[in-house]
Amino acid sequence: MIKLSNIEKVYQTSNIETLALNNINIDIKKGEFVSIMGPSGCGKSTLLNIMGLLDEPSNGTIAIDNKPVEKFTDKDLAYLRNQKIGFIFQSFHLINDLSILDNVEIPLLYRTSTNKSRREAAKEALEKVGLSNRMKHFPNQLSGGQKQRVAIARAIVGNPEIILADEPTGNLDSAMGNEILNILLQLNAAGSTIVMVTHDENMAKKTHRLIRLFDGTQVS
Amino acid sequence: MLSHLFKLIWNKKRHHTLLMVEIWVSFLVLFGVMSLISYNFKNYVEPIGFEYENVWALDLNKNQDTTAIADKLHIILQKIRSYPEVEAASRMSSNSPFSFNTSNGSINYKKTSVHGDYYDADDAFIHTLGIKPILGTWFSQSDVVAKFKPVVINQQAKEGLFGEINPIGKIIGDNQKVVGVIGNFKAKGEFSDNRPCIFNLIDDKYIFNKVLIKVKPGTDANFEAKLTKEIASVAKEWTTEVSYLTDQRQNQHNLALVPVIVFLIITVFLLVNVAMGLFGILNLNIAKRREEIGVRRAMGATAGNIKIQFVGEMWVIATFGVLIGILFAVQFPLLNVFNIEASIYWMAIGLSIVVLYGIVTLCAYHPSRQAANIQPAMALHEQ
Ligand SMILES: Nc1ncnc2c1ncn2[C@@H]1O[C@H](COP(=O)(O)OP(=O)(O)OP(=O)(O)O)[C@@H](O)[C@H]1O
Ligand SMILES: [Mg+2]
């Protein structure tokens, strides 16, 4: 489903060159639940961003459904991000000026859809994460766990085939973290392909496969 | 998408109030200046209705002289008309074209009345100013029959008093008999409004102090000197002053245009300020909303979607300001303020809307394009 070949990512800042990813080869199959682990700064988020087509590798190729994305235009990439991929970020990234419901609707704004169908889909997604009683609230009125659940609802509202989750439980206590993991496991059971960055060995154990990174290199 | 934008702006309305107020004020000032411009433009496209090239206005100031005035005036007029340089010469009241004198009042026919300008003129008047009657004829001494005094009215007076009825031979005011109708007569120049007016016939006992002289093309100051000397020889105490209608017209134009230009400069200054404010706010907004831009890009927004969103937000804000502005502006045509035709106000409202949205779009476009070009990963990284 997502195939990364010889991926290299170099960040060039004024005088330092950071090799964030080096020779990464990953093939993620449909229906898999893959976790990524590694120390802070080893390139996990960078890797996830490249998988999610938010960033371009310095070298190497990415193929989604066997189609290399190098030649894709901005529009094609946006279409893929919109239709195929749901992103859950390390720091939620909710829009504070919009209600929970409006936040969850965002991916659908970039599709052809009616106000009513958007509303319905967003409500349904919020129900799945157990937040249907908080729809009219604003992000700053929610706890961290609730915010993360909103972020999940937003990632799944468009029924994407792939969910990319960057430390979805990093900011939460273990009870809350387990609840989130359970939601992801359910989604996986229902057919979603999931790639999750985590620091928690126990969580990683519950997934199908574990990829370890160290200093930008794949160690297992 | 539109309802999404409205929601976004509505949720942040406190944040945007200042901008909306600025746009509202700009709209009103713009409406003012556009009304003024539309008014002047609408007047300008109406012809003035007479020819002023090579026409001189001669002012005769009798000073303390009281002896045989009528005789002297008669001789002077004869002399003027006898020069080969003079094509036509005509006596008239002191409110000659482009002068700063006015004389006005109501003109009545039965129960109808219009407000208009009064002029006294003689039978040569239309030759001096190249006027052609559109109905009937210009008056002459032979029209003075019994107690009726012949008058000529213009098209505006005719429409106001008679509508579609033929006014020739009708008696208006006190025993004034309409013998002719002329077209426009905009004595204060192109930028003045097209007012009704009426001409009364000057008889030979009339003490005039204004003569309009149509000279042959190319007649110069030498003739002017000759003329004043000749008049001085007839009436020693008198002073004469010659002005060219072309110069006087220019003065009238300046009088009409200077306020427009001053107002326009103030408006442009204000709009430049608003535009810079808009530009600044947008740049700041985009810097503060990089995270949001990153999120939207990650959720499938194209660069174009981001650009449209930011320009669209400015349009929504402008719409709030403009709508309140329109609420105020429509009072002018509805309440008929300053007695100006409603169409002028409507035109001004339309123009103001176009100009304001144009400015907003211009200011929003560049920052919005920059926002659209932010790489999603970069935008999200900084948080
Ligand atoms: N935009 C950027 N510009 C420059 N350097 C960057 C940029 N993004 C990441 N890096 C560098 O690349 C390396 C990998 O960063 P990345 O965010 O992928 O780490 P991570 O594994 O996600 O860390 P953490 O567990 O703390 O989230 C780091 O050394 C980081 O400083
Ligand atoms: Mg990270």
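Please refer to the structure higher up on the page.
Bear in mind that the values here come from a model prediction, so they are computed numbers and not experimental data.

Enquirer: What is the right way to read the overall build of chain A from this model?
Expert: What chain A contains, in helices and strands, is seven helices and 10 strands. Dimensions of chain A, computed from C-alpha atoms along their principal axes, come out at roughly 45 × 40 × 40 Å. Split into buried and exposed, the 220 residues of chain A put 53% on the buried side. A sequence separation of at least 24 residues applies to 71% of the contacts in chain A between residues at least 6 apart.

Enquirer: Would you mind showing me how to read the overall build of chain B here?
Expert: Within chain B, the secondary structure is distributed over 12 helices and 11 strands. Here the C-alpha radius of gyration of chain B, 31 Å, is well above what a compact globule of 383 residues would show, namely 21 Å. When its C-alpha atoms are laid out on the principal axes, chain B stretches across 100 × 50 × 35 Å. In chain B, once contacts between residues fewer than 6 apart in sequence are set aside, the share between residues at least 24 apart is 81%.

Enquirer: What should I look at first to understand the packing of aromatic side chains in this one?
Expert: Two measures describe an aromatic ring pair: the distance that separates the ring centres and the angle between the ring planes. Residue and element names in this part refer to chain B. This structure, assessed with the given rule, holds 23 aromatic pairs over all chains. Ring geometry for Phe125 and Phe185: centres 6.1 Å apart, planes at 55 degrees, overall tilted. You can see Phe125 sitting in helix α4 (residues 125–129) and its partner Phe185 sitting in the loop between β8 (176–182) and β9 (197–201), a full 60 residues away along the chain. This pair shows no difference in class: Phe125 is buried, exactly as Phe185 is.

Enquirer: Please explain the pairing of strand β9 (residues 209–214) of chain A as it appears in this structure.
Expert: Two faces belong to every sheet, and in a regular strand the side chains alternate between them. All names here are of chain A. Examined bridge by bridge, strand β3 (residues 33–37) and β9 share four bridges and lie parallel to one another. Of the residues in β9, the one forming a bridge with Ile36 is Ile211. Both β9 and strand β10 (residues 217–218) contribute to a ladder of two bridges, which runs antiparallel. For Leu213, the partnering residue across the bridge sits in β10 and is Gln218. Counted between consecutive antiparallel strands, the loop separating β9 from β10 contains two residues, among which Asp215 sits at a positive phi close to 55 degrees.

Enquirer: When you look at the packing of helix α8 (residues 290–298) of chain B against helix α9 (residues 303–329) of chain B in this model, what are you seeing that I'm missing?
Expert: When two helices pack together, their arrangement is given by the angle between the helix axes and by the axis-to-axis distance. Residues and elements named next belong to chain B. As a packed pair, α8 and α9 sit with axes 10 Å apart at the nearest point and diverge in direction by 135 degrees. Between α8 and α9, the crossing angle belongs to the class labelled oblique. Classified by chirality, the crossing of α9 by α8 is right-handed. Of the residues in α9, those touching α8 at Glu292, Ile293, Arg296 and Arg297 are Ala303, Ile306, Gln309 and Phe310. Of the residues that constitute the contact of α8 with α9, the class distribution is four nonpolar, one polar and three charged.

Enquirer: Sorry, what's going on with the sheet that holds strand β2 (residues 16–28) of chain A here?
Expert: Strands belonging to one sheet form pairs held by backbone hydrogen bonds; the direction of such a pair is parallel or antiparallel. Residue and element names in this part refer to chain A. Spatial strand order, β2-β1-β4-β5: four strands in an open sheet with antiparallel pairing. Of all the strands in the sheet, the pair left with one neighbour each is β2 and β5 (67–68). Taken together, the nine bridges between strand β1 (residues 2–13) and β2 define a ladder with antiparallel strand orientation. Across the sheet, the residue bridging to Lys3 is Asp27, located in β2. The sheet strands contacting helix α1 (residues 44–51) are β1, β2 and β4 (59–64), and the helix crosses β2 at an angle near 55 degrees.

Enquirer: How should I be thinking about the sheet that holds strand β7 (residues 162–166) of chain A in this particular structure?
Expert: Residues and elements named next belong to chain A. Taken together, the six strands give an open sheet; going across it, the order is β6-β7-β8-β3-β9-β10, and neighbouring strands pair in mixed fashion. The open sheet has two edge strands with one neighbour each: β6 (85–88) and β10. Where helix α6 (residues 174–189) meets the sheet, its contacts fall on β3, β6, β7 and β8 (193–197), and the angle it forms with β8 comes to roughly 155 degrees.

Enquirer: What's the story with the site of ligand 1 in this structure? I'm lost.
Expert: The environment of ligand 1 is formed by 16 residues, the closest being A:Ser40, A:Gly41, A:Lys44, A:Ser45 and A:Thr46. At ligand 1, the nearby residues belong to more than one chain, namely chains A and B. Note that an oxygen atom of ligand 1 is positioned 2.7 Å from one of the side-chain N or O atoms of A:Lys44. Protein chains bury 75% of the 630 Å² of accessible surface belonging to ligand 1 in isolation. Elements with a contribution of two residues or more to the shell around ligand 1: β1, β2 and α1 of chain A together with α12 (376–381) of chain B. Among the elements that take part in the shell around ligand 1, α1(A) stands out by supplying three residues, more than any other. A per-class count over the shell around ligand 1 returns four nonpolar, 10 polar and two charged.

Enquirer: Sorry if this is basic, but what is going on with the interface of chain B and chain A here?
Expert: Where interface size is quoted, it is often the accessible area lost as the parts come together. Counting residues at the interface gives 24 residues for chain B and 26 residues for chain A. Here chain B is connected to chain A by three salt bridges. For the salt bridge of A:Asp102 with B:Lys7, the shortest nitrogen-to-oxygen distance reads 2.9 Å. At the boundary of chain B and chain A, one finds nine residue pairs in polar contact (both at pLDDT 80 or more). For the side of chain B that touches chain A, the elements supplying multiple residues, two or more each, are α1 (2–11), α8, α9 and α12 of chain B. The biggest single contributor to the side of chain B that touches chain A is α8(B), with six residues. Taken together, the residues of the side of chain B that touches chain A break down into 10 nonpolar, eight polar and six charged.

Enquirer: What is the right way to read the coordination of the magnesium ion (ligand 2) from this model?
Expert: Four donors placed tetrahedrally around a metal ideally meet at 109.5 degrees, and six donors placed octahedrally ideally meet at 90 or 180 degrees. All names here are of chain A. Within the first shell, the magnesium ion (ligand 2) binds the protein through Ser45 (OG) and Gln90 (OE1), at distances of 1.9 to 2.8 Å. Here the residue Ser45 occupies a position in helix α1, and Gln90 occupies one in the loop between β6 and α3 (100–109), the gap between them amounting to 45 residues. Of the residues examined, Gln90 reaches a relative accessible area of 34% and is grouped as partly exposed.

Enquirer: Mind showing me how you'd approach unusual backbone geometry here?
Expert: A negative phi holds for most residues other than glycine; trans holds for most peptide bonds. Residues and elements named next belong to chain A. Positive phi values are uncommon outside glycine, yet Asn23 reaches one of about 50 degrees. Within the fold, Asn23 resides in strand β2. Among the residues examined, Asn23 registers a relative accessible area of 43% and is labelled partly exposed. One non-glycine residue with positive phi stands out, namely His93, at about 55 degrees. When you line up the elements, His93 lands in the loop between β6 and α3.

The rules we used
Residues numbered from 1 in each chain as written. Chains lettered and ligands numbered in written order. Predicted model: local features only at pLDDT ≥ 70, side-chain atom pairs only at ≥ 80, totals over all residues. Heavy atoms only, no water. Helix = DSSP H or I, 4+ residues; strand = E, 2+ residues; numbered from the N terminus. Buried < 20%, exposed > 50% of the residue type's maximum accessible area, 1.4 Å probe, protein only. Contact = heavy atoms within 4.5 Å. Rg over C-alpha atoms; globule rule 2.2 N^0.38 Å. Phe/Tyr/Trp six-rings, centres within 6.5 Å; stacked < 30°, edge-to-face > 60°. Pairing = 2+ DSSP bridges. Axes fitted to C-alpha atoms, helices over the stretch in contact; angles between N-to-C directions. Parallel < 35°, antiparallel > 145°, perpendicular 65-115°, else oblique. Left-handed = near helix turned anticlockwise from the far one by under 90°. Nonpolar A, V, L, I, M, F, W, Y, C, P; charged D, E, K, R; others polar. Near = heavy atom within 4 Å. Polar contact = N/O pair within 3.5 Å; in protein donor to acceptor, adjacent residues only side chain to side chain. Areas by Shrake-Rupley, 256 points an atom, 1.4 Å probe, with all protein chains shown as cover. Salt bridge = Lys/Arg side-chain N within 4 Å of Asp/Glu carboxyl O. Donors = N, O, S within 2.8 Å, 3.2 Å for Na, K, Ca; no water.

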